[in-house]
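Single-letter residue listing:
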Amino acid sequence: MKKNVTITIDGKEIPAKLGQTIMQAADDAGIYIPRLCSHKDLSPIGSCRLCTVLVDGRPQASCVKPVMDGMVIENDTPELLEHRRNIIDMMFVEGNHFCMFCEKSGNCELQAMAYRFGITAPQYPYQFPEKAVDASHPDILLDHNRCIMCARCVRASQELDGKNVFQSIGRGFERKIGVNGEKDLGDTDMSVDDKAADICPVGCIIKKRVGFKVPIGEREYDTRRIGSFVEANAES
Amino acid sequence: MSKMESVVTEICDRYGNDRARLMDIVSDVQRKLGHVPREAFELIAQGANTHHVEVESVISFYAFLSEEKKGAIVIRLCNDIIDRFHDGEAVAEALKRELGIGIGETTPDGKFTLEETPSIGMSDQSPAMMVNHEIVTNLTPEQIPGMIAKLRKTGKPQSLVGDLGDGQNAGKLIHSMVQNNIREAGPVLLSGYKRGKGIRKALTETPEEVIENMKASGLRGRGGAGFLAGLKWQLTRQSPGKEKYVLCNADEGEPGTFKDRVLLTERAELMVEGMTIAAYAIGAETGILYLRAEYAYLRRHLEEVLNQFREQHLLGKRILGHSNFHFDIRIQMGAGAYVCGEETSLISSCEGTRGDPTDRTPFPVAKGYMVSPTAVNNVETYCCAARILDQGAGWFASIGTEKSTGTKLLSVCGDCALPGIYEVPFGIPLREVLKRAGAENVAAVQVGGPSGQMVGPAEFEQTISYEELSTGGSMMVFSNERDLLEVVQAFMQFFVDESCGYCVPCRVGNVLLKSRIEQIRRGDGSPADLVYLQNLGTSVKRMSRCGLGQTSPNPVLSTLKHFRPVYNSLVRDNKTGLQKSFHIMQAVEDASRIAGRRSEVFHE
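Criteria and cut-off values
- Residues numbered from 1 in each chain as written.
- Chains lettered and ligands numbered in written order.
- Predicted model: local features only at pLDDT ≥ 70, side-chain atom pairs only at ≥ 80, totals over all residues.
- Helix = DSSP H or I, 4+ residues; strand = E, 2+ residues; numbered from the N terminus.
- Rg over C-alpha atoms; globule rule 2.2 N^0.38 Å.
- Buried ≥ 20, exposed ≤ 12 C-beta atoms within 10 Å, placed from the backbone.
- Contact = placed C-beta atoms within 7 Å.
- Pairing = 2+ DSSP bridges.
- Core = buried A, V, L, I, M, F, W, Y, C linked by C-beta atoms within 7 Å.
- Axes fitted to C-alpha atoms, helices over the stretch in contact; angles between N-to-C directions.
- Domains from an automatic or database assignment.
- Expected span 1.5 Å × (residues − 1).
- Nonpolar A, V, L, I, M, F, W, Y, C, P; charged D, E, K, R; others polar.
- Parallel < 35°, antiparallel > 145°, perpendicular 65-115°, else oblique.
- Left-handed = near helix turned anticlockwise from the far one by under 90°.

Draft legend 1. Main features of the overall build of chain B. Helix and strand counts for chain B stand at 23 helices and 14 strands. Relative to the compact-globule value of 25 Å for 604 residues, chain B shows a C-alpha radius of gyration of 25 Å, a close match. Projecting the C-alpha coordinates of chain B onto the three principal axes gives extents of approximately 90 × 65 × 50 Å. The buried share among the 604 residues of chain B stands at 55%. Sequence separation of at least 24 residues holds for 71% of the intrachain contacts in chain B that already meet a minimum separation of 6.

Draft legend 2. Molecular detail of the overall build of chain A. When helices and strands are tallied, chain A shows six helices and ten strands. The globule rule puts the C-alpha radius of gyration for 236 residues at 18 Å, and the 18 Å found for chain A is close to it. C-alpha atoms of chain A, sized along the principal axes, occupy 50 × 40 × 35 Å. Sorting the 236 residues of chain A into buried and exposed places 44% on the buried side.

Draft legend 3. Local environment of the pairing of strand β8 (residues 166-169) of chain A. All names here are of chain A. Along β8, one buried face is formed by Phe166 and Ser168 and the opposite face, lined by Gln167 and Ile169, is buried too. Of the strand pairs in this sheet, β8 and strand β9 (residues 176-179) are connected by four bridges, and their pairing is antiparallel. Across the sheet, the residue bridging to Ser168 is Ile177, located in β9.

Draft legend 4. Looking closely at the nonpolar core. Core analysis: the biggest nonpolar cluster contains 237 residues, and Val26, Ile44, Leu247, Ala278 and Ala385 of chain B have the highest contact counts within it. Ignoring sequence-local partners within four residues, the contact set of Leu247 of chain B consists of Ile288, Tyr290, Leu346, Cys350, Tyr369, Thr374, Ala375 and Val376 of chain B.

Draft legend 5. The arrangement of the sheet that holds strand β12 (residues 442-447) of chain B in detail. Residues and elements named next belong to chain B. Read from one edge of the open sheet, six strands run β5-β11-β10-β14-β12-β13, paired in mixed fashion. Of all strands in the sheet, those with a lone pairing partner are β5 (182-184) and β13 (453-455), marking the two edges. Taking the axes of each pair of neighbouring strands and ignoring which way they run, one obtains an average angle of 30° across the sheet. As judged from the two bridges shared by β5 and strand β11 (residues 420-425), these two strands associate in the parallel manner. Looking at β11, one finds that Ile182 is bridged to Ile421.

Draft legend 6. Spotlight on the domain arrangement of chain A. All names here are of chain A. Partitioning chain A into domains gives domain 1 (4-76) and domain 2 (100-223). Computed over C-alpha atoms, the centres of domain 1 and domain 2 are 26 Å apart. The interface is formed by ten residues belonging to domain 1 together with 14 residues belonging to domain 2.

Draft legend 7. Spatial organisation of unusual backbone geometry. Residues and elements named next belong to chain B. In this structure, the amide linkage connecting Ser126 to the following residue, Pro127, adopts the cis form with an omega of -5°. Inspection of the secondary structure puts Pro127 in the loop between β2 (112-117) and β3 (129-131). Omega for the bond connecting Thr361 with Pro362 falls within 30 degrees of zero, at 5°, which places this linkage in the cis form. Mapped onto the elements, Pro362 comes out in the loop between α13 (343-350) and β9 (374-378). For His175, which is not glycine, the phi torsion reads 45° and is therefore positive. Along the chain, His175 turns up in the loop between α6 (144-154) and β5. When the 17 C-beta atoms within 10 Å are taken as the criterion, His175 is described as partly exposed.

Draft legend 8. Spotlight on the domain arrangement of chain B. Residues and elements named next belong to chain B. Annotation of chain B at the domain level lists domain 1 (3-59), domain 2 (73-162), domain 3 (184-397), domain 4 (407-482) and domain 5 (485-568). Measuring from the centre of the C-alpha atoms in domain 2 to the corresponding centre in domain 3 gives 33 Å. At the interface, 14 residues of domain 2 touch 13 residues of domain 3.

Draft legend 9. Structural detail: helix α2 (residues 78-94) of chain A. Its 17 residues give α2 of chain A an end-to-end C-alpha distance of 24 Å, which sits within 8% of 24 Å, the value for a rise of 1.5 Å per residue. Of all 17 residues in α2 of chain A, twelve are buried; the element is thus mostly enclosed. Along α2 of chain A, the residues that are buried comprise Leu80, His83, Arg84, Arg85, Asn86, Ile87, Ile88, Asp89, Met90, Met91, Phe92 and Glu94 of chain A. Residues of α2 of chain A that are buried sit in contact with β3 (52-55), β5 (72-74) and α3 (109-116) of chain A together with α18 (504-521) and α19 (527-543) of chain B.

Draft legend 10. Here's a closer look at α18 of chain B. All names here are of chain B. Taking 1.5 Å per residue, 18 residues should reach 26 Å; α18 reaches 26 Å between its end C-alpha atoms and fits that length. Along α18, 15 of the 18 residues are buried, which leaves the element largely enclosed by surrounding structure. Once α18 finishes, Gly523 follows within two positions and takes phi at roughly 95°, a positive value.

Draft legend 11. Spatial organisation of the interface of chain B and chain A. Facing 30 residues of chain B, the contacting portion of chain A comprises 31 residues. Elements that contribute at least two residues to the side of chain B that touches chain A include exactly α4 (52-59), α17 (484-498), α18 and α19 of chain B. Considering every element that reaches the side of chain B that touches chain A, the biggest residue donor is α18 of chain B, with seven residues. Among the residues forming the side of chain B that touches chain A, the class breakdown is 13 nonpolar, ten polar and seven charged.

Draft legend 12. Region of interest: the packing of helix α5 (residues 81-99) of chain B against α6 of chain B. Residues and elements named next belong to chain B. Where α5 contacts α6, the axes come no closer than 9 Å and their chain directions differ by 45°. Considering their axes alone, α5 and α6 lie oblique with respect to each other. Judged by the sense of rotation from one axis to the other, the crossing of α5 with α6 is right-handed. Listed contacts from α6 to Val91, Ala94, Leu95, Glu98 and Leu99 of α5 are Ile144, Pro145 and Ile148. Split by residue class, the contact of α5 with α6 holds seven nonpolar, no polar and one charged.

Draft legend 13. How the structure looks around the sheet that holds strand β10 (residues 205-207) of chain A. Residue and element names in this part refer to chain A. If you trace the three strands from one edge of the open sheet to the other, you get β6-β7-β10, paired in antiparallel fashion. Of all the strands in the sheet, just β6 (133-134) and β10 have a single pairing partner and so form its edges. As judged from the two bridges shared by β6 and strand β7 (residues 140-143), these two strands associate in the antiparallel manner. Along β7, the bridge assignment pairs Asp134 with Leu142.

Draft legend 14. Summary view of the packing of helix α1 (residues 3-14) of chain B against helix α3 (residues 38-47) of chain B. Residue and element names in this part refer to chain B. Direction vectors running N to C along α1 and α3 enclose 30°, while the axes themselves pass 9 Å from each other. With respect to each other, α1 and α3 are oriented roughly parallel. Considering only the axes of α1 and α3, their crossing is right-handed. Of α3, the residues touching α1 (which contributes Met4, Glu5, Val8, Thr9 and Cys12) are Glu39, Ala40, Leu43, Ile44 and Gly47.

Draft legend 15. Quick peek at the environment of Met23 of chain B. Residue and element names in this part refer to chain B. Structurally, the position occupied by Met23 is in helix α2 (residues 22-33). The exposure class assigned to Met23 is buried, which follows from the 25 C-beta atoms found within 10 Å. On a C-alpha basis, the gap between Met23 and Thr353 in space is 7.1 Å, while along the polypeptide they are 330 residues apart. Ignoring any residue separated from it by four or fewer positions in sequence, one finds Met23 in contact with Val58, Gln332, Ala335, Ser349 and Gly352.

Draft legend 16. Spotlight on the environment of Val339 of chain B. All names here are of chain B. Inspection of the secondary structure puts Val339 in the loop between β8 (328-333) and α13. We classify Val339 as buried; it has 30 C-beta atoms within 10 Å. As a C-alpha pair, Val339 and Glu254 span 85 residues in sequence and 9.6 Å in three-dimensional space. If we ignore the near neighbours within four places in the chain, the residues touching Val339 are Ser345, Gly355, Pro357, Glu498, Cys500 and Leu548.

What follows is the structure in structure tokens.
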């Protein structure tokens, strides 16, 4: 049995267990901390930085930071909300995101996050980078235009599928997701049944021939805002 | 078996088919084949027990590794702002003209590749370039035709080395034209060293006593962060783990820093001794010296120092007859990545992966190299440690200030008469350093390199210390004839080039900061852009994952603070309400071209 401790988030004391991350403890308490690279079935990597909170005044990614007894955490502050908004804007302008004709619209966590933050248009100039579309796989489309480099697919393939289909290649602004094959996804052992095919928060990994099966208007975030599954914990 | 197959197999076998040695494997393959061809990825993956994409991941990360075939001679011209202010651009033009190629290109005959690279640690003798591993300094555009002719004739980079440098630079093993430029030798690092005294003294004490000594000396990390070295060693010693490691950070990549270059040249023994003392104190048997690729010209010299230490039983099994003390050091070459100076990136790189930083809970003192307790210190820190054991903690603490004990090696460069190395006691005012370096009409000093801060005359009375002006050693002097925003733009370009791209704020934010500085320099800036820079820079600083992103906006933020009038003179109120960065003619250009006619509404 893990030892019980108490942490404080935005002035509210909540119980936590040693070994938990701040995000896990907050989730249990019904406090939502925004996130994109984090996924409950995957080990956390702290790359999107959206979940940054202040721990005793210092910025820390809550998805990777373990709790300690007596930690004082700030989450919902004007300063952090502005920084998070800025990061969401950065993700929009570094890629080529066209929500209006993206198959992921309504199920897209980036789009949903923008709505949660009340963003209608990014404040930064679009970078319009040239990105590749890889349609070589019979069942899966890889559209790098919409990738946010969360590396969920990298981890899902390794941790859930026991494969190694994806990895980050390049560096800086040129960084992208590479595939474990001579050239493209069709050269890998990726299967449409892999967990990695279902884990993408945006419209980068798309399954072929099932597009728009669920109509626009009836999708995950069409009816409820992102984070509400966590916030529901607060009421119980 | 093809040539490529036999080369790869032989190299992978040499490193025990160890995935953790992937950096060495791909570097050796590149040395043998001139590049790491894509067809070799699968062979390397099999030979090193890893995956095709992991091999690509490593090669695509490091600037000195390449999938593309390069020329037999690769010329890498340093493009730091200091080099550019010393006619570096004219040198670049001369190189392009003589070779008939642009930056990043290879001559059709496959003989030359021309590239640019950030700081190669020669800012005191700039402009400088690397020709393969050879360093060529104090370049002038007039020399270039002769140099290229010589290279064409001999095919040997060594043929460019004229007069040899001073000290060990002139020795057989370094044999380089690099000058030490030691302007001021202080009591700790650059004078008074006798081989073996520090380690002999340490072995008369218990490891715990050595650590207490270190703590009493007040020695703080010389890389810039300033963590107490003794406390770091103590935490490493106390962390549970069968194996422990001592890592030395010789990845001196901060533009304007070249003090470790001089220590590695003239005080390598002191550094090795310091690492050995650390090993004794924390209980480590393995040490790694992480040497930046730009300093490959020092490698043979360093290997020789290690060999001498082994012969004299100062390294190896049963050091100085001490039955339980075994320690040895291997050199890990870097491959061109500034971020690897960040300690967790350095560890990733030593483990043979791309140099992405990792999360700092757990810290390396608990889980570092190979998930084991690891002490990572700077070259200068280890040198200080050996002297502390030799001369005593009290002696060391009597130099400097209360919170910044000992001396600091400064590498001064830029607009001054005497660029070079100054070993000064902490607490010396910046103004005094500038005076000694013969710097006049100084408008600004970049203290601590691009990741540090730019200060003006109002700050010159402040002291070099962890309390006031903290620096890993880099001091770049800019006279009042320089365009400070050109400096800022160059520094932001540096961070754009060197960001690993792992986290969003650093990957994207630096690109946005740089382009807004460009816009302001073009005269398209308004006062609102200064607010934009402040807010964006703060987000990058606060939200980035590692030290690189947390300091990369400093060129912008520190000049906004200290040199506001420079910005104010460039921005203008925008009464039109139109975005100045937006040019309608450019925006409709593509559409006009596709339509095959000019726009009826928007045209010149």
